[in-house]
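Below, each chain spelled out in residue letters.
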Amino acid sequence: MKRVSVSAPGKLLLLGEHAVIYNYPCIVTAVSQRVYVSVQKTETDFLEISAPQIDLYDYKKKVKSLGRSTSKNARFVEVAVKNFFQKYNLTAGLKIETESDFSAEFGFGSSSAVTVGTLKALSELFAVKLSQKQLFDLSYKTVLDVQKVGSGFDIAAAIFGGTLSFTAGGKEIEPLTDENLPLVVGYTGIKADTPTLVMRVAKLKRQYQKIVDHIFVQIGDLVNDAKKALLVRNYRMVGELMNFNQGLLDSLGVNTENLSKLIFAARSAGAYGAKLSGAGGGDCMIALCPKSKVSAVHRAIRNKGGLPIDVKTSAEGVRIEVP
Ligand code: MEV
């Protein structure tokens, strides 16, 4: 039976997290670490999923009853299949395997990459032509069905690749650069839960509406300045804007002591700027560095108990590996 394999990149949010939920722009880059999805039709009535890296072996569900997954790890793939079949009035037995270059713990967007990868592979397998916009909309619906919250920036990165400016729901997606930015990433070792942090910021906004609104306006302003700075490769300025962004995220209550330790260490070792990346509460920090300081920043992150991760930025978006 025909088998289609595709891959989609993970992502890192460079600037603008949380504010992007409230219609301010953010800047996201696709990273070189990818998620691989292969899809094959079977003669059965079942969807079978295996994803050894997240300890999911031989998950099996009747295609008729897809939807409420009993396995947390299978949810995005299962709901993606359900949405695809519903939208295009299709059905078939399927075998889906996923693999990843990175741990799902890092906050690199494995859920969005696997969702985009699954839908892209299904569109190939069933010869359904999907524009990038249609792929975005179906992937975004899938992520919202599972996770309830999210701006969709991670889906845009998985589809389009590169470094993008993005506004919630995909209203504006603007490619900024395909350059590999001199970025160092440090993992805190703590897994954060994005929906919980988004809810926490929403609560703060209800309590302190005016103050939080002002913070979001400032984040929007610094993202717009960073877009211009990125276009002329003024990385020093982008780094300084990252530092402003970090201060504002701290004031929203999503910073942690561990993130701070790595961020200050990176700055002291010569980074232009450093901040948390993503929802906060753990996961990763990023530092933009002069090339000559990359090794020193790596060392500084390790010395403070973080795990430095090598990434190349502005990676290629979703692609077919085996048609
Ligand atoms: C999480 O990586 C970034 C948030 O802005 C949520 C989102 O935009 O989906 C906190």
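Preceding block: the structure.
Reading guide: rules and limits
- Residues numbered from 1 in each chain as written.
- Predicted model: local features only at pLDDT ≥ 70, side-chain atom pairs only at ≥ 80, totals over all residues.
- Heavy atoms only, no water.
- Helix = DSSP H or I, 4+ residues; strand = E, 2+ residues; numbered from the N terminus.
- Rg over C-alpha atoms; globule rule 2.2 N^0.38 Å.
- Contact = heavy atoms within 4.5 Å.
- Areas by Shrake-Rupley, 256 points an atom, 1.4 Å probe, with all protein chains shown as cover.
- Lys, Arg positive; Asp, Glu negative; His and termini not counted.
- Charge placed at Lys NZ, Arg CZ, Asp CG, Glu CD.
- Near = heavy atom within 4 Å.
- Polar contact = N/O pair within 3.5 Å; in protein donor to acceptor, adjacent residues only side chain to side chain.
- Nonpolar A, V, L, I, M, F, W, Y, C, P; charged D, E, K, R; others polar.
- Core = buried A, V, L, I, M, F, W, Y, C linked by side-chain atoms within 4.5 Å.
- Buried < 20%, exposed > 50% of the residue type's maximum accessible area, 1.4 Å probe, protein only.
- Axes fitted to C-alpha atoms, helices over the stretch in contact; angles between N-to-C directions.
- Parallel < 35°, antiparallel > 145°, perpendicular 65-115°, else oblique.
- Left-handed = near helix turned anticlockwise from the far one by under 90°.
- Phe/Tyr/Trp six-rings, centres within 6.5 Å; stacked < 30°, edge-to-face > 60°.

Trainee: Let's hear about the overall build of the protein chain: which residues, and what values?
Mentor: Across its full length, the protein chain carries nine helices and twelve strands. The globule rule puts the C-alpha radius of gyration for 323 residues at 20 Å, and the 20 Å found for the protein chain is close to it. Counting only C-alpha atoms and orienting by the principal axes, one finds that the protein chain spans roughly 60 × 40 × 35 Å. In the protein chain, of all internal contacts separated by at least 6 residues, the share reaching a separation of at least 24 is 71%. Counting only carbon and sulfur atoms, one obtains 49% of the accessible surface of the protein chain, whose full area is about 14200 Å². For the protein chain, the centre of its 41 positive side-chain charges and the centre of its 30 negative side-chain charges are spaced 3 Å apart.

Trainee: Lay out the site of the ligand in plain terms, naming residues and giving numbers.
Mentor: Of all residues adjacent to the ligand, which total 13 residues, the nearest are His18, Val20, Gly150, Ser151 and Gly278. With respect to the ligand, the backbone of His18 contributes an N or O atom lying 2.9 Å from an oxygen atom. Contact between the ligand and Ser151: an oxygen atom at 2.6 Å from a side-chain N or O atom of the residue. Relative to its unbound accessible surface of 300 Å², the ligand loses 95% to contact with the protein. Secondary structure elements with two or more residues in the shell around the ligand: β1 (3–15) and α5 (194–207). In terms of residue class, the shell around the ligand is built from six nonpolar, five polar and two charged.

Trainee: Can you tell me about the environment of Ser165, naming the residues and giving the values?
Mentor: Within the secondary structure, Ser165 is located in strand β6 (residues 163–167). A sequence separation of 87 residues divides Ser165 from Glu78, and the C-alpha atoms of the two residues are 29 Å apart. Not counting chain neighbours up to four residues away, the residues in contact with Ser165 comprise Pro25, Cys26, Glu172, Ile173, Glu174, Leu176 and Lys227. At 3.3 Å, the side chain of Ser165 and the side chain of Lys227 are in polar contact.

Trainee: Account for the nonpolar core, naming residues and giving values.
Mentor: In terms of nonpolar packing, the biggest core is built from 109 residues, with Leu15, Val81, Leu94, Phe108, Phe126, Met285 and Val297 touching the most fellow members. It is helix α6 (residues 209–231) that provides the largest number of residues to this core, a total of nine residues. Beyond its immediate chain neighbours, meaning those up to four positions away, Leu94 contacts Val39, Gln40, Lys41, Thr42, Phe46, Leu47, Glu48, Val81, Phe85, Leu122, Leu125 and Phe126.

Trainee: Pulling in residues and values, what's your account of the packing of α6 against helix α7 (residues 235–251)?
Mentor: Any two packed helices are characterised by the angle at which their axes cross and by the distance between the axes. The interhelical angle for the contact between α6 and α7, taken along N-to-C directions, is 165 degrees, at an axis separation of 9 Å. Compared by their axis directions, α6 and α7 come out roughly antiparallel. Note on packing geometry: the crossing formed by α6 with α7 is left-handed. Taken together, the residues of α7 that come into contact with α6 (itself represented by Ile215, Gln218, Ile219, Leu222, Asp225, Ala226, Ala229 and Leu230) are Tyr235, Met237, Val238, Leu241, Phe244, Asn245, Leu248 and Ser251. Its residues assigned to classes, the contact of α6 with α7 shows twelve nonpolar, three polar and one charged.

Trainee: Explain the packing of aromatic side chains residue by residue, including any values.
Mentor: One pair of aromatic rings is described through two measures. These are the centre distance and the angle between the planes. Tallied over the entire structure, the rule returns eleven aromatic pairs. A ring pair is formed by Tyr22 and Phe216, whose centres lie 4.8 Å apart and whose planes are at 20 degrees; its orientation type is stacked. Placement of Tyr22 in the loop between β1 and β2 (26–42) and of Phe216 in helix α6 is noted, with a sequence separation of 194 residues between them. Pairing Phe85 with Phe126 gives two aromatic rings, centres 5.7 Å apart and planes at 85 degrees, and the pair type is edge-to-face.

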